[in-house]
Amino acid sequence: MKSRPNIVFILSDDQGAWTLGCGGNREIHTPALDSIAENGIRFENFFCASPVCSPARASILSGTIPSVHGVQDWLRGGNLNMADFPELQGKPLYAAEHTAIPYLENLTCFTDVLADNGYTCALSGKWHMGDSVHPQHGFSRWFTIARGGCPYYHPDLVVDGKVVEDDRYITDLITEDALRNLTDFAESGEPFCLCVHYTAPHSPWTPANHPDEFLDLYKDCPFEGVPNEPPHPWLSPAAPYKPGEAGRRENLTGYYSAITAMDAGIGRLMQKLESTGLGENTLVIFTSDNGMSMGHHGVWGKGNGTYPQNMYDSSVKVPFLAAWPGHLPAGTVSEDLLSHYDIFPTLLDYLGITAETKQPLPGSSFAPLFRGESLSGDRPVVIYDEYGPVRMIRTREWKYVARIPCGPDELYDLVNDPEEKQNLIYDPAAAQIRQKLRGELTEWFVRWVDPSIDGARELNTGYGQLRRPGIYSEGKAVFSEEERFRRAIDRSAAALELDTGKQP
């Protein structure tokens, strides 16, 4: 590699791996994303670190897990210092906002490393990792959403340190800011990392939230590629479920429209790269923060579409595309099992950057795939996920889901049951593989978890996070560090005992 490439890192919100035309979905329109795949690599088995937005995004940036970075649910608060915005006080939308919490302040993000190595880092779009107002972690250009999430029209934005409302479509606003950044970078010639974080295709999906030109594309769509199953018995009351065929059609029409509208914006970004000549030296990456069930298993939502939270593949599996014409192999598909926590070490490896991080990185580089090579045979092919007390270990053949401390747990034979329909957790014939996976999962989390903020011991209901884990809202510690460490060791020792296989 003669020079380090620029980077355009595009992140969608709540987009399942099953939603790409290039991935086999014949009903959805994603020409720009399909073109990226055609000119680069599509990864068939890519997984988020946590099946909900804020923790997943924090894991992408920091390369570590929620029980280290401390963002363990979507952030319902901690985005704004309300004392700085008296004009917002008393408004219902900001009822959960009090004090801004910079959750990642003691960690190293990959954008910190890039900024230290000469890159100008720009954010166009969603942050939702605490303290939305102040640029941080190497970003010198900052255009984001005030509360993390927002409606598609009349979003509340952070512009030059102020919270402002705009009446236009948020997908277009994010695209337009990204285009401005690309124009500036083309003129200056400075190396850059542009992070384009869309809010699409997150709900709401009502017709009023999306332009007719995209809604009309799906007016007669049968949505045959999406399972139509009865509501899951654990379906969360907060899930975006709408009863009946009319409700299902409205949800799917809005969801597909949001994706296609975003795809149109991505197409504009790709055209700008081409017209300015930036595309010749720019690595483009596209992924989503987490997956999404739109009726799969009777679930509407991601990991918190049910309570207790779920780890179905539709929730944890995400699209991942990478392209740099002339450098990455074109039109290829990787079947390797990879995770969002592999992105940080991959970027450093591929760019030839060596850096010390404040936190340990559990992931490993898959940069050889960018170079058209195979991954080494000794690389572990195991994926781990966590969402509070719910943890997952997944191989090509098996998935084990542990709900700490009392279950119910799940075990799926992915070879014979890829749709995860038959839970084998209490099948005597599966006792040996269950015990093996339980032990491996426990050992991995014992190795990587920060005992002081272990998500398995936090009350995480999936309804949003308001404070740092491990402390009361008034700032008093729940347990001393010594007590937390002792409790982590006690739980780990108990979990490693032989599993009797009996139902609790």
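What counts as what
- In this convention, every chain numbers its residues from 1, walking through the sequence in written order.
- Where totals are concerned, whole chains, interfaces and linings use all residues; where local detail is concerned, this predicted model gives features only for residues with pLDDT of at least 70, and gives and counts side-chain atom pairs only at 80 or more.
- Only hydrogens and water are set aside when side-chain values are computed; all heavy atoms of the structure are taken into account.
- Strands here are runs of E lasting at least two residues and helices are runs of H or I lasting at least four, both read from the DSSP assignment and numbered beginning at the N terminus.
- Only protein chains enter the accessibility calculation, which uses a 1.4 Å probe. A residue is then buried if its area is under 20% of the maximum for its type, exposed if over 50%, and partly exposed in between.
- Surface exposure here means Shrake-Rupley accessible area, sampled with a 1.4 Å probe, where a residue is shielded only by the protein chains that are shown.
- Salt bridges are defined by distance alone: a side-chain nitrogen of Lys or Arg within 4 Å of a carboxyl oxygen of Asp or Glu.
- Strand pairing is defined by DSSP finding a minimum of two bridges between the two strands.
- The convention used is that axes are lines fitted to C-alpha atoms, helices contributing only their stretch in contact, and that angles between N-to-C directions extend from 0 to 180 degrees.
- Pairing of aromatic rings covers Phe, Tyr and Trp, the last through its six-membered ring, and needs centres within 6.5 Å; plane angles under 30 degrees mean stacked, over 60 mean edge-to-face, and all others mean tilted.
- Throughout, the arc means that of the directions going from the helix axis to the C-beta atoms.
- Residue contacts follow a heavy-atom distance rule, with two residues in contact if any of their heavy atoms lie within 4.5 Å.
- We call a pair of cysteine sulfur atoms a disulfide whenever their separation is within 2.5 Å.
- For classification purposes, an angle smaller than 35 degrees is called roughly parallel, one larger than 145 roughly antiparallel, one from 65 to 115 roughly perpendicular, and anything else oblique.
- Note on residue categories: nonpolar means Ala, Val, Leu, Ile, Met, Phe, Trp, Tyr, Cys or Pro, charged means Asp, Glu, Lys or Arg, and polar means any other residue, Gly included.
- Here, nonpolar core refers to any group of buried Ala, Val, Leu, Ile, Met, Phe, Trp, Tyr and Cys residues whose side-chain atoms link them within 4.5 Å.
- For the purposes of these results, a polar contact is taken to be a pair of N or O atoms within 3.5 Å, where, inside protein, one atom must be able to donate a hydrogen and its partner to accept one; residues adjacent in sequence count only when each atom of the pair is a side-chain atom.
- Take the number of residues in a helix, subtract one, and multiply by 1.5 Å to get its expected span.
- Surface patches are defined over residues having more than 30% relative accessible area and no salt bridge, joining like charges when they lie within 9 Å and nonpolar side chains (Val, Leu, Ile, Met, Phe, Trp, Tyr) when within 5 Å.
- Charge counting follows a simple rule: Lys and Arg are positive, Asp and Glu are negative, and His as well as the terminal groups are ignored.
- Throughout, a charge is located at the NZ atom of Lys, the CZ atom of Arg, the CG atom of Asp or the CD atom of Glu.
- Think of pLDDT as the predictor's per-residue confidence, scored from 0 to 100.

**Here we look at the overall build of the chain**
Reasoning step 1: In terms of regular secondary structure, the chain is built from twelve helices and 17 strands.
Reasoning step 2: When the backbone C-alpha atoms are referred to their principal axes, the chain occupies close to 65 × 50 × 50 Å.
Reasoning step 3: Buried positions account for 58% of the 504 residues belonging to the chain.
Reasoning step 4: For the chain, the accessible surface area stands at approximately 20,100 Å², while carbon and sulfur atoms represent 51% of it.

**Topic: the pattern of salt bridges**
Reasoning step 1: In this structure the tally under the stated criterion is 26 salt bridges.
Reasoning step 2: In this structure, Arg403 engages Glu410 in a salt bridge whose closest nitrogen and oxygen atoms are separated by 2.8 Å. An identical accessibility class is assigned to Arg403 and Glu410; each is buried.
Reasoning step 3: What you see here is one network of salt bridges that share partners, running through Asp13, Arg57, Lys126 and Asp289.

**Considering the sheet that holds strand S17 (residues 410–413)**
Reasoning step 1: With antiparallel pairing, four strands are arranged side by side in an open sheet as S14-S15-S16-S17. Of all the strands in the sheet, the pair left with one neighbour each is strand S14 (383–387) and S17. If you compare each strand with its neighbour and ignore which way they point, the axes differ by 10° on average.
Reasoning step 2: Where strand S15 (residues 390–394) meets strand S16 (residues 398–403), five bridges bridge the pair, whose relative direction is antiparallel.

**Digging into the packing of aromatic side chains**
A ring pair, where both rings are aromatic, is described by two values, the distance of the centres and the angle of the planes.
Reasoning step 1: Overall, the coordinates contain 29 aromatic pairs when judged by the stated rule.
Reasoning step 2: Ring geometry for Trp324 versus Tyr350: centroids 6.4 Å apart, planes at 85°, classification edge-to-face. One end of the pair, Trp324, is in the loop between strand S12 (320–323) and strand S13 (332–339); the other, Tyr350, is in helix H9 (residues 343–351), and 26 residues separate them in sequence. Take Trp324 and Tyr350: they sit in the same class, and that class is buried.
Reasoning step 3: Three or more aromatic residues link up through ring pairs in this structure, and these residues are Phe43, Phe46, Phe320, Trp324, Tyr350, Phe366 and Phe370.

**Details of helix H1 (residues 31–38)**
Reasoning step 1: If you check which residues of H1 are buried, you get Ala32, Leu33, Ile36 and Ala37. Taken end-on, H1 shows its buried residues confined to a sector of 145°, consistent with a single buried face. For H1, the exposed residues set more than 90 degrees away from the buried face come down to Pro31 and Glu38.
Reasoning step 2: Residues of H1 that are buried in the fold lie against strand S2 (41–47), helix H7 (244–276), strand S8 (282–288) and S12.

**Concerning the state of the cysteines**
Reasoning step 1: Within this structure, the stated rule accounts for zero disulfides.
Reasoning step 2: We note that Cys22 lacks a disulfide partner, and the nearest cysteine sulfur, in Cys221, lies 17 Å from it.
Reasoning step 3: The thiol sulfur of Cys109 is not disulfide-bonded, and the nearest other cysteine sulfur, from Cys195, lies at 10 Å.
Reasoning step 4: Judged by relative accessible area, Cys109 falls into the buried class, the value being 0%.

**Notes on the packing of helix H5 (residues 170–188) against H7**
A pair of packed helices is captured by two measures, namely the crossing angle of their axes and the spacing between those axes.
Reasoning step 1: Where H5 contacts H7, the two axes come as close as 10 Å, and the packing angle between them is 10°. In terms of orientation, H5 and H7 fall into the roughly parallel class. Seen from H5, the contacting residues are Thr171, Thr175, Glu176, Ala178, Leu179, Leu182, Thr183 and Ala186; seen from H7, they are Ala261, Met262, Gly265, Arg268, Leu269, Lys272, Leu273 and Thr276.
Reasoning step 2: Counted by class, the contact of H5 with H7 contains eight nonpolar, five polar and three charged residues.

**As for the nonpolar core**
Reasoning step 1: Formed by 68 residues in total, the largest nonpolar core has its most connected members in Phe9, Phe43, Leu80, Phe110, Leu114, Phe366 and Phe370.
Reasoning step 2: For this core, the element with the highest residue contribution is H9, accounting for six residues.
Reasoning step 3: Once you skip the residues sitting within four places of it in the chain, Phe43 turns out to touch Phe320, Ala322, Ser334, Leu338, Phe366, Leu369 and Phe370.
Reasoning step 4: Ile36, Tyr152, Ala200 and Leu278 belong to the second largest nonpolar core, which has 38 residues in total.

**Section: the side chain of Asp14**
Reasoning step 1: Mapped onto the fold, Asp14 is located in the loop between strand S1 (6–12) and H1.
Reasoning step 2: With relative accessibility at 1%, the residue Asp14 sits in the buried group.
Reasoning step 3: Side-chain polar atoms of Asp14 contact the side chain of Asn290, separated by 2.9 Å.
Reasoning step 4: Ignoring sequence-local partners within four residues, the contact set of Asp14 consists of Pro201, His202, Tyr255, Ser288, Asp289, Asn290, Gly291, Met292 and Lys302.

**Re the side chain of Thr260**
Reasoning step 1: Tracing the sequence through the fold places Thr260 in helix H7.
Reasoning step 2: Classification of Thr260 by relative accessible area gives buried; the value is 5%.
Reasoning step 3: Here the side chain of Thr260 touches His29 through a polar contact of 2.9 Å, landing on its backbone oxygen.
Reasoning step 4: Not counting the four nearest positions on each side in its chain, Thr260 is found in contact with Ile28, His29, Phe214, Leu217 and Tyr218.

**Remarks on helix H11 (residues 431–448)**
Reasoning step 1: Counted at 1.5 Å a residue, the expected span for H11 with its 18 residues is 26 Å, and the 26 Å between its end C-alpha atoms agrees.
Reasoning step 2: Residues Ala431, Ile433, Arg434, Leu437, Gly439, Leu441, Thr442, Trp444, Phe445 and Trp448 constitute the buried set of H11.

**Description of a negative patch on the surface**
Reasoning step 1: A surface patch of negative charge is lined by Asp172, Asp212, Glu213 and Asp216.
Reasoning step 2: Position of Asp216 relative to the elements: it lies in the loop between helix H6 (212–215) and H7.

**Topic: the packing of H1 against H7**
Reasoning step 1: At a minimum axis distance of 7 Å, the contact between H1 and H7 shows a crossing angle of 50°. Comparing their axes, H7 and H1 come out oblique. Residues Pro31, Ala32, Leu33 and Ile36 of H1 pack against Asp263, Ile266, Gly267 and Met270 of H7.
Reasoning step 2: Here the contact of H1 with H7 is built from residues that sort into six nonpolar, one polar and one charged.

**So, the confidence of the model for the chain**
Reasoning step 1: Averaged over all residues, the pLDDT of the chain equals 92, while 92% of them reach at least 70.
Reasoning step 2: For residues 471–481, every residue scores under 50 in pLDDT, and the model assigns this stretch twelve contacts once sequence neighbours within four places are set aside.
Reasoning step 3: Predicted confidence for residues 487–504 stays below pLDDT 50, and this span has 23 contacts to residues more than four positions away or in other chains.

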